[in-house]
Amino acid sequence: MTNFAAAAPYYARFRPAYPKAVYTHIRSCFRLDGTQHLLDLGCGPGTLAIPLARYAAVVHAVDPEPAMVAEGLTLAEASGAVNIAWQVADASRLLDLGLPKVMACTMGRAFGWMDRPQVLADLDRVITPDGGLAFVSSVAPPEPPPWLKVIEMVGANYLGPDYRTRYGPVAGPTEGPDDLLAASAFSHVQTAVFEQALEFTLEELVGLQFSFSYTSPDVLGDRQAAYEADLRSELSRFDPAGRFFETRQSVCTIATRR
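1. Focus: the pairing of strand S2 (residues 58–63)
Alright, step 1. Summarising burial for S2: five of the six residues are buried, a large majority.
Alright, step 2. Pairing analysis gives five bridges linking strand S1 (residues 37–41) to S2, with the strands arranged parallel. When the bridges of S2 are listed, leucine 41 appears paired with valine 62.
Alright, step 3. Both S2 and strand S3 (residues 84–88) contribute to a ladder of five bridges, which runs parallel. Residue alanine 61 lies in a different strand from S3, and its bridge partner there is tryptophan 86.
Alright, step 4. Regarding the hand of the β-α-β motif, the stretch spanning S2, helix H4 (residues 66–79) and S3 is right-handed.

Here it is as structure tokens:
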């Protein structure tokens, strides 16, 4: 798995939050009333765990990268989310973490880095009979924003044309999970899509690139400064006003037992 240590502060600062409708949808699907335990597996800096904490007794937030957990602790303290139990651990150790039964497990794109069949089997032992899974991720719209071509051009110049697949996860949770889920205990699947209008400044859009596995500081290494300078230059040439718009779709896939 790619080392996300150097990407963690960029992830915490520049990744856009999911729309509020995503969290209320999860709350409704699992009838969360503040008494249940939740698990956020591959939690990063708490992108899902922190907003969901208001609906749970405890959110167990687990990530293999200590720097991500450190960022999450800082963000949770700032937001007043005191009912999050953070653990630094890999998903392969799920059954060794001493977790209680949880109503739901949330996962973002971290699912693509895991041994997915094994994780699904382990979650069957952790999740309550009436609970399930919630996969959440953002996907590009059918027509990507025009500035994305600028970013991809600069990335390809530094890392090669296949840099996204070479340094990215094997697959995201919304990229063909149906067969995996159909073979698991959580074979009843429903998907909801939420649209979100976003605007980035130049600073935000550049910082966002360092939060991704395929253009993280660890991947770029000593080329980071040159990459950043070229990216700023090309994006400024594309839009001198420094305003970059995107309509993004957030996909929430709920998987439960039949």
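2. Some details on the layout of surface pockets
Alright, step 1. Here the second largest pocket defines a volume of roughly 230 Å³.
Alright, step 2. What lines the second largest pocket is a set of 16 residues, among which Ala17, Gly46, Thr47, Pro51 and Leu75 lie closest to the centre.
Alright, step 3. Taken together, the elements giving at least two residues each to the lining of the second largest pocket come down to helix H1 (8–14), helix H2 (20–29), helix H3 (49–52) and H4.
Alright, step 4. Per-element tally for the lining of the second largest pocket: the top contributor is H4, with three residues.
Alright, step 5. Grouping the amino acids of the lining of the second largest pocket by side-chain chemistry returns eleven nonpolar, three polar and two charged.

3. Remarks on the sheet that holds strand S4 (residues 102–107)
Alright, step 1. Ordered by their spatial adjacency, seven strands build an open sheet running S3-S2-S1-S4-S5-S7-S6, and the pairing between neighbours is mixed. Two strands close off the open sheet at either side, each with one partner strand: S3 and strand S6 (188–201). Each adjacent strand pair in this sheet contributes to an overall mean axis angle of 20 degrees, direction not counted.
Alright, step 2. Strand direction decides the pairing type here: strand S5 (residues 127–139) and strand S7 (residues 243–256), joined by eight bridges, are antiparallel. The residue bridging valine 136 from the neighbouring strand is cysteine 252, located in S7.
Alright, step 3. Each of S1, S4 and S5 touches helix H5 (residues 116–126); the most contacted strand, S5, lies at about 135 degrees to it.

4. Some details on the pattern of salt bridges
Alright, step 1. Scanning the model with the defined rule gives eight salt bridges in all.
Alright, step 2. Here aspartate 124 and arginine 257 are joined by a salt bridge, their closest N and O atoms 2.9 Å apart. Taken together, the residues span a long stretch of sequence, with aspartate 124 in helix H5 and arginine 257 in the segment after S7 at a distance of 133 residues.
Alright, step 3. A relative accessible area of 33% means that aspartate 124 is categorised as partly exposed.

The rules we used
- Residues numbered from 1 in each chain as written.
- Predicted model: local features only at pLDDT ≥ 70, side-chain atom pairs only at ≥ 80, totals over all residues.
- Heavy atoms only, no water.
- Buried < 20%, exposed > 50% of the residue type's maximum accessible area, 1.4 Å probe, protein only.
- Helix = DSSP H or I, 4+ residues; strand = E, 2+ residues; numbered from the N terminus.
- Pairing = 2+ DSSP bridges.
- Right-handed = clockwise from strand over helix to strand, strands pointing away.
- 1 Å grid on protein atoms, 1.4 Å probe; cavity = no way out; pocket = protein on both sides within 12 Å on 5 of 7 lines; lining within 4 Å.
- Points joined across faces, edges and corners; volume = space filled by probe spheres on them.
- Nonpolar A, V, L, I, M, F, W, Y, C, P; charged D, E, K, R; others polar.
- Axes fitted to C-alpha atoms, helices over the stretch in contact; angles between N-to-C directions.
- Contact = heavy atoms within 4.5 Å.
- Salt bridge = Lys/Arg side-chain N within 4 Å of Asp/Glu carboxyl O.

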